[in-house]
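Breakdown of the fold
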Amino acid sequence: MADGSHHEVLVGESSYPPDGPFAIIGGDTEKTFGSKGGFAVSRLAIEFRGRASAGASCPRRHGLEAHATRFGLEARCPRRSASAMAIRVYNTLSHQKEPFEPVSPGRVGIYLCGPTVYKPSHIGHAVGPIVFDVIKRFLTYRGYSVRLVVNITDVDDKLIDEAAAQGTTVPELAERMTGNYLDAMKRLGIDTIDEMPKASEHIGEIVGMIQKLIGGGQAYAAGGDVYFDVSTDADYGKLSNRRVEDQQSVRDLEGGGKRNAGDFALWKAAKSHEPVEVRYDSPWGPGRPGWHIECSAMSMKYMGDTLDMHGGGLDLIFPHHENEIAQSESATGKPFAKYWLHNGLTRFNTKKVSKSDSEMAEALKKMILTHLLDTHGGELLRYFVLSTHYRRPIEFSDVELESKRKGLVQFHRLFERIERVCGRSLFDVAGDGFSTWRAADKGGHGAFADEVAGHLTQFEESMDDDFNTAAAIAAMFECTTRVNRFIEENKLESGGGDASSKAVLLAAGGALMGYGRLLGLFRSRPEAASCDGDGVVDELMDILIATRAEARKVKQFGIADLIRVRLGEAGITLEDRADGTVWRR
């Protein structure tokens, strides 16, 4: 049975056909079915122990529970075990999905290229941090110990030019823009970053790495500058699939003394017009580091020579990440990063969002994170980003934002509905949601419980498949639809149902909220159903709602529909519920 084919596991007089190879162990016996794990059966417990490479995480958990209940046993499913997983990630280096196996078992180090802090952050700067915040949350849920490092580039040509234009110093500008970025991260709910090293604070490590490259013959000094010699790296270009003769970077063409057109700067000699605060001492004279060397030196300081994951936008593949690989692997003789993950770029009217594009200046004013957060809030922006698979481009527009708002509201409406039925807010229920679901008495609602469990499994399978948050959210929508139908089938809003139906409803809502929180959503109670405004606005809406209700009562449906339509055109939605009508913007 070691061929991994389908097997039927016999438990008493009943059978359970799992999705992959399994084992029965425990008690006085141990039998293995297939070679990749399984579940354990004893007089004390049934426990899933498979890596489930063919069936994602904990397939058919509800089937296990059914067998456990039938034979008076306890069912356990250690979802958070790092050994019980089947995560696959798309690796830019190999151009295919690969099984995720970290360098050190149980531990994951992730490095994400952060911003160059010379102007206020825009929506594009939020994408990578949101994506990798979720990746860390999910890997942690899978049982890994995860360290996430995001750098700050505070020494760069752009800072020098912008500081001069504003009549300020580079450190002052960098500190102000870093504060802007950190405030946006906080409002977006990104609080899983462990280290945020700044280039200006790691000059010693950068100089040390450059000296090592010079000593190994992979770099050379030329008139106060230091360049990496691309001809010394036999597999240079392996990430971007470009030939060496195509590797010329406009950024690094300034200055003379290069041996090859594609050689890139590791250290830049100070120029006469540059301010003193960006002149750092080095063996080659005063100057500052090149862009690429910063990330190599900082990432290896905090996570060693080989990273598990290195992330960034697609626009960083060349030259930034290509050059990081070259200089890092030349310095250590080891692979620099095992998996390279690149998120899609943010586009407006099919154009990449860029602070350096003059044609985007007006559009960028609307995309500045501070403005977007003030207008839409952090949860909607996070949901907007996660509604697209991270490798795909994100199309930014007011229409797209409004569409995502309507989707997000559906979840919050369900949570409000559950609170009205159960008399408890899911935001006040203790625990992570998963434990509540597992412990709930599902009584005579086995079919409903099985369907909910199936949707939750779809969520995990989607996240296992290259962190597909878009598909995970789709599974949450399907679960929401089923839970709403359960409320209606049992007439729970009009006094129907019993304690058991309410308990399983509360548990299902808690599980759904728990999965949302793995995406960083639903972490706090949303604003009240009615939009913000003074008392006059609320009173006017009460009058319109009452007028519409009276029109419907006397069968003046044209007037009632007109009120609803005109309010909709103004961005206000009416929601008719069993306990009355509420409005939302």
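Remember, predicted model here, so these are calculated numbers, not experimental data.

Glancing now at the pattern of salt bridges. Should the charged atoms of two oppositely charged side chains come close, the side chains can pair. Tallied over the full model, the rule gives 33 salt bridges. Between Glu460 and Arg142 there is a salt bridge, with the nearest N and O atoms lying 3.2 Å from each other. With Glu460 in helix 13 (residues 446–464) and Arg142 in the loop between helix 2 (124–141) and strand 11 (145–150), the pair connects residues that are 318 residues apart, well separated along the chain. Accessibility assignment for this pair places Glu460 and Arg142 in one class, buried. With a closest N to O distance of 3.4 Å, Glu488 and Arg417 form a salt bridge. In this pair, Glu488 sits in helix 14 (residues 469–489) while Arg417 sits in helix 11 (residues 398–422), placing the two residues 71 residues apart along the sequence.

Read across the sheet, four strands follow the order 12-13-14-15 without closing on themselves; strand pairing throughout is antiparallel. Each of the sheet's edge strands pairs with one partner strand only, and the pair in question is strand 12 (219–222) and strand 15 (287–289). When the angles between neighbouring strand axes are averaged without regard to direction, this sheet yields 20 degrees. Across four bridges, strand 12 lies against strand 13 (residues 225–228) in antiparallel orientation. In the strand pairing of strand 13, Ala222 is matched with Asp225. Running over the sheet, helix 5 (residues 203–215) touches strand 12, strand 13, strand 14 (264–269) and strand 15 and is turned about 120 degrees from strand 14.

This part covers the packing of helix 13 against helix 14. Where helix 13 meets helix 14, the axes come as close as 7 Å, and the angle between the chain directions of the two elements is 170 degrees. The angle between helix 13 and helix 14 places the two elements in the roughly antiparallel class. In this structure, helix 13 uses Phe448, Glu451, Val452, His455, Leu456, Gln458, Phe459, Ser462 and Met463 to contact helix 14, whose residues at the interface are Thr469, Ala471, Ala472, Ala475, Met476, Glu478, Cys479, Arg482, Val483, Arg485 and Phe486. Looking at the contact of helix 13 with helix 14, its residues break down into 12 nonpolar, four polar and four charged.

Note the cis peptide between Phe318 and Pro319, where omega equals 5 degrees. Relative to the helices and strands, Pro319 resides in helix 7 (residues 317–332). Phi angles above zero are rare outside glycine, and Phe522 is one such case at about 60 degrees. Position of Phe522 among the secondary structure elements: in the loop between helix 15 (499–518) and helix 16 (535–553). With a relative accessible area of 0%, Phe522 lands in the buried category.

The rules behind each value
Residues numbered from 1 in each chain as written. Predicted model: local features only at pLDDT ≥ 70, side-chain atom pairs only at ≥ 80, totals over all residues. Heavy atoms only, no water. Salt bridge = Lys/Arg side-chain N within 4 Å of Asp/Glu carboxyl O. Helix = DSSP H or I, 4+ residues; strand = E, 2+ residues; numbered from the N terminus. Buried < 20%, exposed > 50% of the residue type's maximum accessible area, 1.4 Å probe, protein only. Pairing = 2+ DSSP bridges. Axes fitted to C-alpha atoms, helices over the stretch in contact; angles between N-to-C directions. Contact = heavy atoms within 4.5 Å. Parallel < 35°, antiparallel > 145°, perpendicular 65-115°, else oblique. Nonpolar A, V, L, I, M, F, W, Y, C, P; charged D, E, K, R; others polar.

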